[in-house]
Amino acid sequence: MSLHDDAVLVLKGYEDETQEELRQYYLDHLAAHPDDGMWKACTVGHVTASALVIDPARERVLLTLHKKLRMWLQMGGHCEPGDPTLAAAALREATEESGVPGLTLLPGGPVRLDRHPIPGPCTQHLDVQYAALTPQDAVEAISDESLDLRWFAYDEVAGVADESVVRLLEATRARL
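About the cut-offs
- Residues numbered from 1 in each chain as written.
- Predicted model: local features only at pLDDT ≥ 70, side-chain atom pairs only at ≥ 80, totals over all residues.
- Heavy atoms only, no water.
- Helix = DSSP H or I, 4+ residues; strand = E, 2+ residues; numbered from the N terminus.
- Rg over C-alpha atoms; globule rule 2.2 N^0.38 Å.
- Buried < 20%, exposed > 50% of the residue type's maximum accessible area, 1.4 Å probe, protein only.
- Contact = heavy atoms within 4.5 Å.
- Lys, Arg positive; Asp, Glu negative; His and termini not counted.
- Charge placed at Lys NZ, Arg CZ, Asp CG, Glu CD.
- Polar contact = N/O pair within 3.5 Å; in protein donor to acceptor, adjacent residues only side chain to side chain.
- Core = buried A, V, L, I, M, F, W, Y, C linked by side-chain atoms within 4.5 Å.
- Salt bridge = Lys/Arg side-chain N within 4 Å of Asp/Glu carboxyl O.

Caption draft 1: Molecular detail of the overall build of the protein. Secondary structure assignment for the protein yields five helices and eight strands. Reading the secondary structure of the protein in the N-to-C direction produces α-α-β-β-β-β-α-β-β-β-β-α-α. Expected size for 176 residues packed as a compact globule is a radius of gyration near 16 Å; at 15 Å, the protein falls within 12% of this value. Based on the C-alpha atoms only, the size of the protein along its principal axes is roughly 45 × 30 × 30 Å. With 176 residues in all, the protein has 48% of them scored as buried. Sequence separation of at least 24 residues holds for 67% of the intrachain contacts in the protein that already meet a minimum separation of 6. Each charge class in the protein was averaged separately, 15 positive and 29 negative side chains, and the resulting centres sit 3 Å apart.

Caption draft 2: Spotlight on the side chain of aspartate 114. Relative to the assigned elements, aspartate 114 resides in strand β6 (residues 112-117). A polar contact of 2.7 Å, which involves the side chain of aspartate 114, links it to the side chain of histidine 116. Other than its neighbours up to four places away in sequence, aspartate 114 contacts Leu22, Tyr26, His125, Leu126, Asp127, Gln129, Ser164 and Arg167.

Caption draft 3: Quick look at the environment of leucine 149. Secondary-structure assignment places leucine 149 in strand β8 (residues 146-153). The class of leucine 149 is buried, set by a relative accessible area of 9%. When the C-alpha positions of leucine 149 and tryptophan 72 are compared, they lie 8.6 Å apart, and in sequence the two are 77 residues distant. Filtering out sequence-adjacent residues up to four positions away, leucine 149 remains in contact with Leu62, Leu63, Thr64, Trp72, Met75, Glu97, Ser98, Glu140, Ala141 and Ile142.

Caption draft 4: Representation of the nonpolar core. Ranked by size, the top nonpolar core spans 31 residues in total, and within it Met38, Leu86 and Val128 carry the most contacts. Elements represented by at least two residues in this core include exactly α1 (3-13), α2 (20-32), β1 (46-54), α3 (86-98), β7 (124-133) and β8. For this core, the leading source of residues is α1, giving five residues. Ignoring sequence-local partners within four residues, the contact set of valine 128 consists of Leu11, Tyr26, Val47, Thr48, Ala49, Ser50, Leu86, Pro110, Arg112 and Leu113.

Caption draft 5: Molecular detail of the pattern of salt bridges. Counted under the stated rule, the structure contains eight salt bridges. A salt bridge links arginine 167 to aspartate 114; the shortest N-O distance between them is 3.6 Å. Taken together, the residues span a long stretch of sequence, with arginine 167 in helix α5 (residues 163-175) and aspartate 114 in strand β6 at a distance of 53 residues. Residues participating in the shared-partner salt-bridge network are Glu80, Asp83, Arg92, Glu93 and Glu96.

Okay, structure coming up:
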């Protein structure tokens with residue numbers, strides 16, 4: 001099965017009534033772009049995968065200060081040809097950007113969808129957002145894609161991150 005096919009199946013199975021219109025937008029995008037809708041080369045937008053990294057005590061999240069955007073965000077980014085599934089892409093990105101091996105995604109598939117504009121030449125990311133737990137005694141390590149990594153208590157996130165991260169945290173806490 002291709003990554004595109006996996007994304008379609010994941011999105012068809014995603015059940016959040018508040019995001020039904022957005023889910024359909026993602027599916028329409030993939031139907032209109034069967035060859036490149038998953039890839040950075042698709043300048044009208046492409047599917048990305050991310051994960052909110054949570055500590056084992058489920059009290060804090062690890063955010064990255066994104067080098068280009070200079071914003072505190074969850075870990076995530078572009079899908080790559082070697083990614084067998086969207087979940088695997090999210091887990092790969094979270095592991096690369098956090099430096100934490102052994103992350104495990106929360107069961108139940110994606111936690112949220114988030115469509116957001118990005119600087120050109122591409123116009124938007126269609127992010128499929130997961131959540132991941134760190135193993136006990138995990139130690140983070142800054143990647144070259146980040147300016148900083150920092151743990152934030154749940155109640156601190158709204159003070160440092162934008163609404164999309166806050167909504168992702170809320171959805172993740174509801175899943176936990």
